[in-house]
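Structure at a glance
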Amino acid sequence: MWNPLALLRARFARWWQARMPLADSVTLTQRNVYILPTRAGLMLGATLLVLLVASINYQLNLGYLLTFLLAGCAGVAMHVSHGNLRGVTLSLAAPDPVYAGSQAQLGIQVLNTAKRQRYALALAVADSGQWVPTDVAPQGSATVFLAWQATERGLHPLPTLSAQTFFPLGTFRVWTLWRPAAQLLVYPRPEVKPPPLPDGSFGDDHGPTRTAPRHHGEPDSFRPYRRGDSLKNILWKKAAKTGELVSRDSVAAQQHDLWLDRSLTALNHPEQQLSRLCAWVLRADQLGLRYGLRLGGQNLAPDHGPVHLQRCLRALALA
């Protein structure tokens, strides 16, 4: 339903958040900590007003005592609640890349340099409503993990984060907003059931790129074990002597360098092409193959290993 008040509130929130500086670490002071009474606090204020009017009307000394006692407690609670959040330092490390559609884990360190404990602090992604509570020991720290859904590939700024507390009486809400400067890299979502890897792709305009085959009887070379190697290629005698897994560099694995390209996916939609390429890259890395990637004007030479895998996934995310 069309709600003009909600639209106005959302527009004001965007304007306010746009004026906030970007920082991966922020110390909360009276400049960026806000406080307002909750519904319980407003009801307490109305009750105190009724008690005060009744005490004046009926000249009740005990009514005056109760009214000013409760008002004093509310005033002290306001001061304690604001001080419970003020002085805390929030720090965020850059999150690890994720695949589209999965949740990113945002690890936030809450540092308390004061000699008093911080009670009932809660952190959340702004406007998500999923608060994660924590207590912080005197001159200690605590780590809070927040989940954020990454829906599209690419390099995205992190959402605005919020921290709040209702301690000690729940009559006042003290909160702050914080815009991290870190960004999140989101890889394409891998295709669930991709077709097999293409049987050789073209390294240039003349034909497939292949290394020269070995002659019959030429001994295989050896290399450290990689995940996905066949068990029959492992030198078990050497592993028993040294405790190190070594595999034969099989001739079949050295016959050609695999090139991956959009044209090999047989798909028309660009996002579906990237999704299939992502699945192929993961499969080629799992098998320990040397593979390269072509994306428009960007060519990544054939290689293998974790560094090459991350380079290819980043290229797919930013394509």
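All of these numbers come straight from a predicted model, not from anything done at the bench.

To continue, consider the packing of helix α5 (residues 270–287) against helix α6 (residues 306–317). Two numbers describe how α5 lies on α6: the axes approach to 10 Å, and their chain directions differ by 180°. It follows from the interaxial angle that α5 and α6 lie roughly antiparallel. Residues L274, L277, C278, V281, L282 and D285 of α5 lie in contact with α6, whose contacting residues are L309, C312, L313 and L316. Its residues assigned to classes, the contact of α5 with α6 comprises 9 nonpolar, no polar and 1 charged.

This part covers the pattern of salt bridges. With the rule as written, the count across this model stands at 3 salt bridges. Between E191 and R276 there is a salt bridge, and its shortest N-O distance comes to 2.7 Å. Here the residue E191 occupies a position in the loop between β12 (183–187) and β13 (221–224), and R276 occupies one in helix α5, the gap between them amounting to 85 residues. Classification of E191 by relative accessible area gives partly exposed; the value is 22%. Take R276: its relative accessible area is 12%, and that puts it in the buried class. Here D257 ties to R290 by a salt bridge, and the two come within 3.1 Å at their closest N and O atoms. With D257 in the loop between β14 (246–249) and β15 (258–261) and R290 in the loop between α5 and β16 (291–295), this residue pair connects regions lying 33 residues apart in the sequence. The buried category is assigned to D257, whose relative accessible area is 13%. Given a relative accessible area of 30%, R290 falls into the partly exposed group.

A full pass over the atoms with the stated rule returns 6 aromatic pairs. Summarising the aromatic geometry, the rings of W16 and Y34 are spaced 5.2 Å apart at their centres and angled 70° between planes, so their arrangement reads as edge-to-face. In this pair, W16 sits in helix α1 (residues 4–18) while Y34 sits in strand β2 (residues 34–37), placing the two residues 18 residues apart along the sequence. Among the aromatic side chains, those forming a connected cluster through ring pairs are F12, W15, W16, Y34 and W175.

Together, Y225, L231, W236 and L245 give the surface a local cluster of nonpolar side chains, amounting to about 410 Å² of exposed area. Note on placement: L245 falls in the loop between α4 (236–242) and β14. Given a relative accessible area of 35%, L245 falls into the partly exposed group.

Attention shifts here to the sheet that holds strand β7 (residues 132–136). The strands making up a sheet are joined through hydrogen bonds of the backbone, oriented either antiparallel or parallel. Read across the sheet, 5 strands follow the order β2-β11-β10-β6-β7 without closing on themselves; strand pairing throughout is antiparallel. A single partner strand is all that each edge strand has here, and the edge strands are β2 and β7. The sheet shows a mean angle of 30° between the axes of neighbouring strands, direction not considered. Here β2 runs beside strand β11 (residues 172–178); their pairing, made up of 4 bridges, is antiparallel.

On to the packing of helix α2 (residues 39–58) against helix α3 (residues 61–85), then. Where α2 contacts α3, the axes come no closer than 9 Å and their chain directions differ by 155°. Looking at the two axes, α2 sits roughly antiparallel to α3. Classified by chirality, the crossing of α3 by α2 is left-handed. From α2, L44, L48, L51, L52, S55 and I56 reach across to α3, where they touch G63, Y64, L66, T67, F68, L70, A71 and A74. For the contact of α2 with α3, the class distribution of residues is 11 nonpolar, 3 polar and no charged.

Moving on, we get to the environment of R173. Relative to the assigned elements, R173 resides in strand β11. When the C-alpha positions of R173 and S81 are compared, they lie 7.8 Å apart, and in sequence the two are 92 residues distant. Look past the residues within four positions of R173 in its chain and what remains in contact with it is Y34, I35, L36, T38, W131, Q164, T165 and F166. A distance of 2.7 Å separates polar atoms of two side chains, one belonging to R173 and the other to Q164.

This paragraph deals with the nonpolar core. By size, the foremost hydrophobic cluster in this structure holds 29 residues, and its most contacted members are L90, I108, V110 and L123. L260, L277, W280 and Y291 belong to the second largest nonpolar core, which has 20 residues in total.

Take α2 next. Compared with an ideal rise of 1.5 Å per residue, which puts 20 residues at 28 Å, α2 spans 29 Å between its outermost C-alpha atoms and is within 8% of the ideal. Taken residue by residue, α2 has G41, L48 and S55 as its buried positions. Down the axis, α2 shows its buried residues gathered within 45° of arc, on one side only. Across α2 from its buried face, at more than 90 degrees, point the exposed residues R39, L42, M43, L49, V50, V53, N57 and Y58. Where α2 is buried, its residues contact α3.

Thresholds, definitions, all that
Residues numbered from 1 in each chain as written. Predicted model: local features only at pLDDT ≥ 70, side-chain atom pairs only at ≥ 80, totals over all residues. Heavy atoms only, no water. Axes fitted to C-alpha atoms, helices over the stretch in contact; angles between N-to-C directions. Helix = DSSP H or I, 4+ residues; strand = E, 2+ residues; numbered from the N terminus. Parallel < 35°, antiparallel > 145°, perpendicular 65-115°, else oblique. Contact = heavy atoms within 4.5 Å. Nonpolar A, V, L, I, M, F, W, Y, C, P; charged D, E, K, R; others polar. Salt bridge = Lys/Arg side-chain N within 4 Å of Asp/Glu carboxyl O. Buried < 20%, exposed > 50% of the residue type's maximum accessible area, 1.4 Å probe, protein only. Phe/Tyr/Trp six-rings, centres within 6.5 Å; stacked < 30°, edge-to-face > 60°. Patch = residues over 30% accessible without salt bridge, like charges linked within 9 Å, V, L, I, M, F, W, Y side chains within 5 Å. Areas by Shrake-Rupley, 256 points an atom, 1.4 Å probe, with all protein chains shown as cover. Pairing = 2+ DSSP bridges. Left-handed = near helix turned anticlockwise from the far one by under 90°. Polar contact = N/O pair within 3.5 Å; in protein donor to acceptor, adjacent residues only side chain to side chain. Core = buried A, V, L, I, M, F, W, Y, C linked by side-chain atoms within 4.5 Å. Expected span 1.5 Å × (residues − 1). Arc of directions from axis to C-beta.

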